[in-house]
Amino acid sequence: MRNNKILNIVGLFILIFIFSSQKINAQKIDTDSLLTVIIKDMQNEKNYAKNIQRALIAKKIAPNYLDYYLILGRNHDLLKNKDSATYYYNYFIKKTNSNDDAFNYLINIELEKEDYLEAEKTIDEAILMHPENRDFQKKKIVLYQLQNETKKEYNYVQSLQVKYPNDPEIKQSLFLIESKINSDRLGVNYSYTTFNRKGYGPWHLGSIQYIRERGWGSLIGRINYANRLSSGESIAEGKQFEVESYFFTGKNNYSYASIAYSQDLVFPKLRVGYSFYQNFKKGWEADLGFRYIESENTETKTIVLGIGKYIGSYWINFRSYLQNNDNDYQPSFSLTTRYYFDTKYDYVSLVAGYGTSPDERTTIGQFEQRVSLNSYRIGAGYYKLFNNHYLTGIQTTFNNQEYAPNLKQNELEISLMFQYKF
């Protein structure tokens, strides 16, 4: 009799255990299914308030099911309930550091609230827990940008450049920051061009320029002097006055504007230009602009379209020009490749192109005559910053130029540059 009672008690415990296990499994299945429903709703219906109520019910059923804290944070976030969203994100992060999204969402809220001290703490924690995720390290760049901490941003990006020398976005960021650091430069340029056509040339082109770089962009003033010779005699000479500016119009874009004027025939009477540059992710950049040239006998309007890409320490840029001259359209193309060393001032360059464009300074005086003629050019250059103050450069360009229909000449140009940076 006693043995039967013991068996009945044991059997009762077994049944309780079985039913409890089934209830737990059913509960797990229900909360999993509900999580899927909420995620689908967030993607399609976007009924965030209803999703919060669903998640709160699920959290009561399964308080250790941490995904619901992330879901609650995200739905509160999307409803602009920033304090509630912050609470749930922080709770989720404290319980588990395995999810990058929670850190990312929390950082975005803190940056939006301009709570930069907390944002930096969260970013540093995210970097510590997820050192392989470069997005968190790039968030720190954004943090410094929002605070206008250009020096801190520059030092930090330099450290990232050493750590990730082949990351195109970091290289792109470094160049943009270097353009915002206050500096002034005074320099001279000189170009000497020879021709294989007997009795023609050489050409001389010199300039004095002052460059002022500030956080908003740069302003460049330039006085150019050109002297073209033939058979040992000067056939055209004169001066040109020029002003250029690169200025930032947003976090990821900037503009270029220029105007040049001359009363001497060796230069066009008026040259005006503008381009808008947009930076994209992964080191891409695109530009769209126009150029206008008024010469002695004609006007030329040009549409400019370019695309560029950072690949490690390389910068590759392709630019096309569609030029309207006397109701005729003339194309021109240029391909530029640069390999950078330490700063934006230290690089070697290779250039190749077809046609005559309004951005070529040496031949701008003959733009009216050359724009409809064929030309093929290649070149190479080397530029270097010494002692953080002295900039030097040398560029050579070979151009096979049609100077009249079916008549060609070869041109060799050597350009020297020296600037003092202070």
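Scroll up a little and you will see the structure.
Residues numbered from 1 in each chain as written. Predicted model: local features only at pLDDT ≥ 70, side-chain atom pairs only at ≥ 80, totals over all residues. Heavy atoms only, no water.

Broken down by element type, the protein carries ten helices and 14 strands. Its C-alpha atoms give the protein a radius of gyration of 33 Å, more than 25% over the compact-globule value 22 Å for 422 residues. Referenced to the eigenvectors of the C-alpha coordinate spread, the extents of the protein come out at roughly 135 × 45 × 35 Å. A separation of at least 24 residues holds for 48% of the contacts in the protein among residues at least 6 apart in sequence. Only carbon and sulfur atoms are counted for the fraction: they give 58% of the accessible area of the protein, which is about 23100 Å². Of the side chains in the protein, 51 bear a positive and 46 a negative charge, and the two mean positions are spaced by 7 Å. (Helix = DSSP H or I, 4+ residues; strand = E, 2+ residues; numbered from the N terminus. Rg over C-alpha atoms; globule rule 2.2 N^0.38 Å. Contact = heavy atoms within 4.5 Å. Areas by Shrake-Rupley, 256 points an atom, 1.4 Å probe, with all protein chains shown as cover. Lys, Arg positive; Asp, Glu negative; His and termini not counted. Charge placed at Lys NZ, Arg CZ, Asp CG, Glu CD.)

What the rule picks out here adds up to 24 salt bridges. A salt bridge links Glu-213 to Arg-185; the nearest nitrogen and oxygen atoms lie 3.2 Å apart. Of this pair, Glu-213 sits in strand β2 (residues 200-214) while Arg-185 sits in strand β1 (residues 183-195), placing them 28 residues apart in sequence. Relative accessible area serves as the criterion here: at 5%, Glu-213 is assigned to the buried category. (Salt bridge = Lys/Arg side-chain N within 4 Å of Asp/Glu carboxyl O. Buried < 20%, exposed > 50% of the residue type's maximum accessible area, 1.4 Å probe, protein only.)

Time to look at the packing of helix α2 (residues 48-61) against helix α3 (residues 67-78). In the contact formed by α2 and α3, the axes pass within 9 Å of each other and the chain directions differ by 160°. In terms of orientation, α2 and α3 fall into the roughly antiparallel class. The element α2 and its partner α3 pack so that their crossing is left-handed. Within the contact between the two elements, α2 uses Tyr-48, Asn-51, Ile-52, Ala-55, Leu-56, Ala-58 and Lys-59 and α3 uses Tyr-68, Tyr-69, Ile-71, Leu-72, Asn-75, His-76 and Leu-78. Residue composition of the contact of α2 with α3, by class: ten nonpolar, three polar and one charged. (Axes fitted to C-alpha atoms, helices over the stretch in contact; angles between N-to-C directions. Parallel < 35°, antiparallel > 145°, perpendicular 65-115°, else oblique. Left-handed = near helix turned anticlockwise from the far one by under 90°. Nonpolar A, V, L, I, M, F, W, Y, C, P; charged D, E, K, R; others polar.)

Next up on the list: helix α8 (residues 150-163). The end-to-end C-alpha distance of α8 is 20 Å, a good match for the 20 Å that 14 residues give at a rise of 1.5 Å each. Those residues of α8 that sit buried are Glu-153, Tyr-154, Tyr-156, Val-157, Leu-160 and Gln-161. Against α6 (116-129), α7 (134-146) and α9 (168-178) lie the buried residues of α8. (Expected span 1.5 Å × (residues − 1).)

Turning to the packing of aromatic side chains, a few remarks are in order. Per the counting criterion, the structure on display carries 27 aromatic pairs. When the ring of Tyr-65 is compared with that of Tyr-68, the centres are 5.3 Å apart and the planes differ by 85°; the resulting orientation is edge-to-face. One aromatic cluster in this structure is built from Phe-175, Tyr-310, Trp-315, Tyr-340, Tyr-347 and Tyr-383. Against the face of Tyr-105 rests Arg-74, its NZ or CZ located 4.2 Å from the ring centre. Geometry around Trp-203 places Arg-228 over its ring, the cationic atom sitting 5.2 Å from the centre. (Phe/Tyr/Trp six-rings, centres within 6.5 Å; stacked < 30°, edge-to-face > 60°. Lys NZ or Arg CZ within 6 Å of the ring centre and 35° of its normal.)

Attention shifts here to α9. Counting buried positions along α9 yields nine of eleven residues, so the element is predominantly enclosed. The complete set of buried residues in α9 reads Pro-168, Ile-170, Lys-171, Gln-172, Leu-174, Phe-175, Leu-176, Ile-177 and Glu-178. Two or three places before Glu-169, at the start of α9, stands the capping residue Asp-167, its side-chain oxygen 3.0 Å from that residue's backbone nitrogen. (Polar contact = N/O pair within 3.5 Å; in protein donor to acceptor, adjacent residues only side chain to side chain.)

Another point: the pairing of strand β13 (residues 390-404). When strand β12 (residues 375-386) meets β13, the two strands line up antiparallel, connected through twelve bridges. By the bridge assignment for β13, Gly-381 is matched with Gln-395. Count of turn residues in the β12/β13 antiparallel hairpin: three residues, of which Asn-387 carries a positive phi of about 55°. Pairing between β13 and strand β14 (residues 407-421): 14 bridges, direction antiparallel. Following the sheet pairing, Tyr-390 is matched in β14 by Tyr-420. Connecting β13 to the next strand, β14, in antiparallel fashion are two residues, including Asn-406 with a positive phi near 70°. (Pairing = 2+ DSSP bridges.)

A contiguous nonpolar surface patch, about 880 Å² in accessible area, is contributed by Tyr-190, Tyr-192, Phe-341, Ile-378, Tyr-382, Ile-394, Phe-398, Leu-412, Ile-414 and Leu-416. Secondary-structure elements contributing two or more residues to the nonpolar patch are β1, β12, β13 and β14. Looking at the element boundaries, Tyr-192 is found in strand β1. (Patch = residues over 30% accessible without salt bridge, like charges linked within 9 Å, V, L, I, M, F, W, Y side chains within 5 Å.)

Moving on: the pairing of strand β10 (residues 328-340). Of the pairings in the sheet, the one linking strand β9 (residues 314-325) to β10 comprises twelve bridges and is antiparallel in character. Counted as the bridge partner of Asn-325 is Asp-328 from β10. Between β9 and β10, which pair antiparallel one after the other, the connecting turn spans two residues, and Asp-326 there sits at a positive phi close to 55°. One ladder, built from eight bridges, connects β10 with strand β11 (residues 347-354); its direction is antiparallel. If you follow Thr-336 over to β11, its bridge partner there is Val-351.

A negative phi angle is the norm for most residues apart from glycine, just as the trans form is the norm for most peptide bonds. Of the consecutive residues Gly-201 and Pro-202, the connecting peptide bond is found in the cis state with omega at 0°. Note that Pro-202 resides in strand β2. A positive phi is found at Ser-231, a non-glycine position, where the angle reads about 55°. Position of Ser-231 relative to the elements: it lies in the loop between β3 (217-230) and β4 (233-250).

Now for the environment of Gly-250. Here Gly-250 lies in strand β4. On the basis of relative accessibility, which here comes to 27%, the residue Gly-250 falls in the partly exposed class. Through-space distance from the C-alpha of Gly-250 to that of Gln-278 is 9.2 Å; in sequence the pair is 28 residues apart.

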